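# Geometric and topological summary
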Amino acid sequence: MSESAWTNELREFVELKPRQSLAMEAADNLREFIMLGRLAPGMPVRERDLAEAFGISRTPLKEALRILEAEGLIVYGPTRRPRVADPSLDEINDWLRVQGALEALAGELACAEATDAQLARIAEINTSIKEARDTDGQLEAFRMDMRFHEAIVAASGNEALAETHATYNARLWRVRFLSSQRVASREATRNEHLEIVEALTARDATAARKALKNHLRTAETNIAAAIAEIETAKETD
């Protein structure tokens, strides 16, 4: 993609988004562009072009980049020029294992701490994932999937756990989105989500912990397969 075409695509994307604070808006747009692969792993981040596309000065853009740096999505080289992070599969798996432990603990705590309304909301979100996939497309279905996991963490009632989970969630959004696009894994994902909902509804802490840990272990396999498929596609282009 040429530089002008890339800038125009980003500008059109931004125009469709609701307005909020300049730095947070830029961070949200950049995060989503990274997740969708429009800012590819390892790609230099052209601050001037981004500021122009967003219609903002370099100051809020730099603040947005700092937000994404803290999330592990942007890294800086020796010259302090930003680029999109390009984690190895080993790094991704390390993050997933931490995420799996966090969500397993969240499920266990939620069985004791969550209100009936919170558990009902988790089940409702799970039902909405398939509906979103059928009506709104894969991106909205993925967002609902992430809300499902975030709702479980919130139901744990543990703020420290929620803060740590959010950090790893941001790092893993892109690869988990790639994983969600694999049609072959969707039936297994639906079944695992049902196991999680059933365990939470029964307030069975042991079953909830096991189901959530297993779900994140499956994500490791799916993400590795998704990355391998992308690499194979590049080689055949």
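Read on for a plain summary of the structure. (Residues numbered from 1 in each chain as written. Predicted model: local features only at pLDDT ≥ 70, side-chain atom pairs only at ≥ 80, totals over all residues. Heavy atoms only, no water.)

Turning our attention to the environment of proline 41. Within the secondary structure layout, proline 41 lies in the loop between helix 2 (22-35) and helix 3 (47-54). For proline 41, a relative accessible area of 29% corresponds to the partly exposed category. Ignoring any residue separated from it by four or fewer positions in sequence, one finds proline 41 in contact with Val84, Ala85, Asp86 and Arg174. (Helix = DSSP H or I, 4+ residues; strand = E, 2+ residues; numbered from the N terminus. Buried < 20%, exposed > 50% of the residue type's maximum accessible area, 1.4 Å probe, protein only. Contact = heavy atoms within 4.5 Å.)

A few words on the pattern of salt bridges. The tally for this structure, following the rule as stated, stands at 15 salt bridges. Of the charged contacts, one joins arginine 176 and glutamate 103 as a salt bridge, the two residues approaching to 3.9 Å between their closest N and O atoms. Taken as a pair, arginine 176 in helix 8 (residues 159-180) and glutamate 103 in helix 5 (residues 89-113) lie far apart in primary sequence, 73 residues in all. The partner of arginine 209 in a salt bridge is glutamate 108, with the nearest N and O atoms 2.6 Å apart. Here glutamate 108 lies in helix 5 and arginine 209 lies in helix 10 (residues 205-236), a separation of 101 residues in the sequence. (Salt bridge = Lys/Arg side-chain N within 4 Å of Asp/Glu carboxyl O.)

Turning our attention to the packing of aromatic side chains. Taken as a whole and judged by the stated rule, the model has 2 aromatic pairs. Ring geometry for phenylalanine 142 and phenylalanine 177: centres 5.3 Å apart, planes at 75°, overall edge-to-face. Taken together, the residues phenylalanine 142 in helix 7 (residues 138-155) and phenylalanine 177 in helix 8 connect sequence positions 35 residues apart. Aromatic rings pair up to connect Phe142, Trp173 and Phe177 into one cluster. A cation sits over an aromatic face here: arginine 80 above tyrosine 76, 4.1 Å from the ring centre. (Phe/Tyr/Trp six-rings, centres within 6.5 Å; stacked < 30°, edge-to-face > 60°. Lys NZ or Arg CZ within 6 Å of the ring centre and 35° of its normal.)

Once that is clear, we can look at the nonpolar core. Among soluble globular proteins, nonpolar side chains are generally buried collectively. Core analysis: the biggest nonpolar cluster contains 34 residues, and Ile92, Leu96, Ile122, Phe148, Ile152, Ile196 and Leu200 have the highest contact counts within it. Among the secondary structure elements, those contributing two or more residues to this core are helix 5, helix 6 (116-135), helix 7, helix 8, helix 9 (186-201) and helix 10. Non-local contacts of isoleucine 122, meaning those with residues more than four positions away in its chain, are made with Phe148, Ala151, Ile152, Ala155 and Leu200. (Core = buried A, V, L, I, M, F, W, Y, C linked by side-chain atoms within 4.5 Å.)

The end-to-end C-alpha separation of helix 7 is 26 Å, in line with the 26 Å expected for 18 residues at 1.5 Å each. Among the residues of helix 7, Ala141, Phe142, Met144, Asp145, Met146, Phe148, His149, Ala151, Ile152, Val153 and Ala155 are the ones counted as buried. Of the residues flanking the end of helix 7, it is glycine 157, one or two places downstream, whose phi is positive at about 75°. (Expected span 1.5 Å × (residues − 1).)

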